[in-house]
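Fold and contact review
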Amino acid sequence: MRFLRITGRILLGLLLFIGLFLAVSLSPVDRTPYRQTDYYARTNQRLTHLATPPAATAPLRAGWAKVNLTPAYTTPTGGYGVRRGKHWTVINDSVYVRAIVLDNGSNHVAIVSLDLLITPPTVTEQLKRRLPEVGLRWENLFIGAIHSHNSLGGWAPGLVGELIAGDYEERIVTHITDKILMAIRVAQRQLSPVQIGFTDLDATSLVYNRLQEGNPVDGRVRLLKLQKTDGPSALLCTFAGHATIFDAVQGADSLSRDYPGALVDKLTRDTGSFAVFMAGAVGSTGPRATFHNNQRQTLRHYADTLGTLIETALPALKTRPDSALALLTLPLGLHDPEARVSENWRVRPWLFHAVYGDYPSDLKALRLGPAVLVGTPCDFSGELIAGLTPIANRRGLKLMVTSFNGGYVGYITPDQYYDKDAYETRVMNWFGPGNGTYFSEMMAGLINRQ
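Description of the structure in this document.

The rules we used
Within every chain, residues take consecutive numbers counted from 1 along the sequence as written. Note on the predicted model: pLDDT of at least 70 is required for a residue's local features to be given, and 80 or more for side-chain atom pairs to be given and counted; whole-chain, interface and lining totals, by contrast, use all residues. Neither water nor hydrogens contribute to the side-chain values; these are computed over all heavy atoms in the structure. Within this scheme, the nonpolar core is defined by two criteria: the residues are buried Ala, Val, Leu, Ile, Met, Phe, Trp, Tyr or Cys, and they are joined through side-chain atoms within 4.5 Å. Only protein chains enter the area calculation, which uses a 1.4 Å probe; residues under 20% of their type maximum are buried, those over 50% are exposed, and those in between are partly exposed. Throughout, a residue-residue contact means that at least one pair of heavy atoms, one from each residue, lies within 4.5 Å. A fitted line through C-alpha atoms represents every axis, and for helices the fit uses only the stretch in contact; the resulting angles, taken between N-to-C directions, go from 0 to 180 degrees. Counting from the N terminus, the helices are DSSP H or I runs at least four residues long and the strands are E runs at least two residues long. Every angle not falling under 35 degrees, over 145, or within 65 to 115 is termed oblique; those three ranges are roughly parallel, roughly antiparallel and roughly perpendicular. Helix crossings fall into two classes, left-handed where the near helix is turned counterclockwise from the far one by less than a right angle and right-handed where it is turned clockwise. Classes in brief: Ala, Val, Leu, Ile, Met, Phe, Trp, Tyr, Cys and Pro nonpolar; Asp, Glu, Lys and Arg charged; the others, Gly included, polar. Polar contacts here mean pairs of N or O atoms no more than 3.5 Å apart (in protein, one a potential hydrogen donor and the other a potential acceptor; neighbouring residues in sequence count only if both atoms are side-chain atoms). To obtain the arc, one takes the directions from the helix axis to the C-beta atoms. For each structure, a 1 Å grid was placed over the protein atoms alone; sets of points admitting a 1.4 Å probe that cannot get out are labelled cavities, open sets with protein on both sides within 12 Å along at least five of seven lines are labelled pockets, and lining residues have an atom within 4 Å of a point. Grid points are joined across faces, edges and corners, and a volume is the space filled by probe spheres set on the points.

1. What to know about the nonpolar core
- Formed by 81 residues in total, the largest nonpolar core has its most connected members in I180, I184, F380 and F439.
- Ignoring anything within four residues of it in the chain, the contact list for I180 reads V97, V112, L114, V123, L127 and I143.
- Of all hydrophobic cores here, the second largest spans 29 residues; its members include V207, A289, A313 and L317.

2. Focus: the packing of helix 3 (residues 121-130) against helix 5 (residues 170-188)
- Running from amino to carboxyl end, helix 3 crosses helix 5 at an angle of 50°, the nearest separation of the two axes being 9 Å. With respect to each other, helix 3 and helix 5 are oriented oblique. Relative to helix 5, helix 3 is oriented so that their crossing is right-handed. Side by side, helix 3 and helix 5 meet where T122, V123, Q126, L127 and R130 of the first sit next to E170, V173, T174, I176, T177, D178, I180 and L181 of the second.
- In terms of residue class, the contact of helix 3 with helix 5 is built from six nonpolar, four polar and three charged.

3. Here's the deal with the side chain of D362
- By secondary structure assignment, the location of D362 is in strand 18 (residues 362-368).
- In terms of polar contacts, D362 uses its side chain to reach the side chain of W138, at 2.7 Å.
- Once you skip the residues sitting within four places of it in the chain, D362 turns out to touch K128, W138, T329, L330, P331, L332, G375, P377 and N405.

4. Focus on helix 4 (residues 158-165)
- Those residues of helix 4 that fall on the buried side of the exposure criterion are V160, G161 and A165. With its buried residues spanning 100° around the axis, helix 4 presents them on a single face.
- Residues of helix 4 that are buried sit in contact with strand 3 (77-79) and helix 8 (349-356).
- Two residues or fewer past helix 4, G166 is found with a positive phi of approximately 80°.

5. Side note on the packing of helix 2 (residues 38-48) against helix 11 (residues 435-448)
- Relative to each other, helix 2 and helix 11 sit at 10°, their axes nearing to 10 Å. One element, helix 2, and the other, helix 11, form an angle in the roughly parallel class. Seen from helix 2, the contacting residues are Y39, Y40, T43, N44 and L47; seen from helix 11, they are Y438, E441, M442, G445 and L446.
- Looking at the contact of helix 2 with helix 11 residue by residue, the class counts come to six nonpolar, three polar and one charged.

6. Points about empty space enclosed by the protein
- Tallied over the full model, the rule gives two cavities of 30 Å³ or more.
- By volume, the largest cavity amounts to about 50 Å³.
- Going through the elements one at a time, strand 22 (411-412) and helix 11 are the ones with two or more residues in the lining of the largest cavity.
- Partitioned by chemical class, the residues of the lining of the largest cavity number five nonpolar, six polar and one charged.
- Space inside the second largest cavity adds up to approximately 30 Å³.
- Around the second largest cavity, the lining residues are R98, S113, D115, I146, P260, V264 and F277.
- Class assignment for the residues of the lining of the second largest cavity results in four nonpolar, one polar and two charged.

So this is what it looks like as structure tokens:
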């Protein structure tokens, strides 16, 4: 009898503890329309008061460089949580930082692409402190990543960070930051006059909508060409296919840039140009690949198909003088975290921040010649591009949207999918309903200011 009383008290205490924990850690999802929130009002006010960059006072000049990012030690492999922080042990292909520095006499901008899963927010924090070492500020930097799931990890503290990128190591963050600054320095020494051109190509057959098979995708390859008057050229390419051909099992031991690495290698080899890839609107867009005997063959075939498409279009891509260069940075207010455990229940914000962190995020819009590049702090859905392209077109601009610009807020997808029980919308939608429309509105506002 005494045993039963003790057991009953233990069970009651356990139930009370569980109840208390749930009460302090869970709350209902907040579905307040975003235009009725304080964060929207603050962001909208910031957008209204963004200063207009000064007009060009000199012809556009550019320089470019790449620096090897592969460390002398192994790291956790960032990308697939199922690996649980396992280190890569084989270098399938080295990873790099690529930088293009631009100047028109009034404005100075560095475009940086990282052969990483994302631009780690921890690296962003270091860059904000250290960019003055190369004469720049965060507001002068447009950054992105190729989104390889088989590159360096170890750059994110906290439980969520460790699931995505393995055990945190401060030296990895410093290593990445050092290499970014090195690439910018080298590129700054290469500045000389350039002409610029743009084209886009249909590669819809190479991607699919993994959130809703058969739904629209952003299947355009977008390409900017910088041509120096003394000969060398650079190609900046964006595309929306997830870099996930190297999977979590067969590629578990390998450091790799996935298909974007094979693509830039092919473009460099075949055209002699300096090639840069940045992940486009990859949210919910997977690569539609023809599978071969092993992943390396599949990867090469996919990159060759994409590269041949680009190379076929290059002879018709004409460049011309154009000094338009302006970068706008919009600090982005966000809804309180809405990381959900079910359709209508979420983890309370304090608990989300405890396991993930609380990182500021921005939207960026770079006017570069005939194009406007909009950088987002997320996996941005290609389905949302259709609503933004006409806005850029009305201003006579070609739109290029990139993901992973230095913050990371999860997936931003069309609002009609919010209650769909899927990875992109349930597991990785961290900041509540309405963000597809909210992000699109703020991005449209930035485009209209260019």
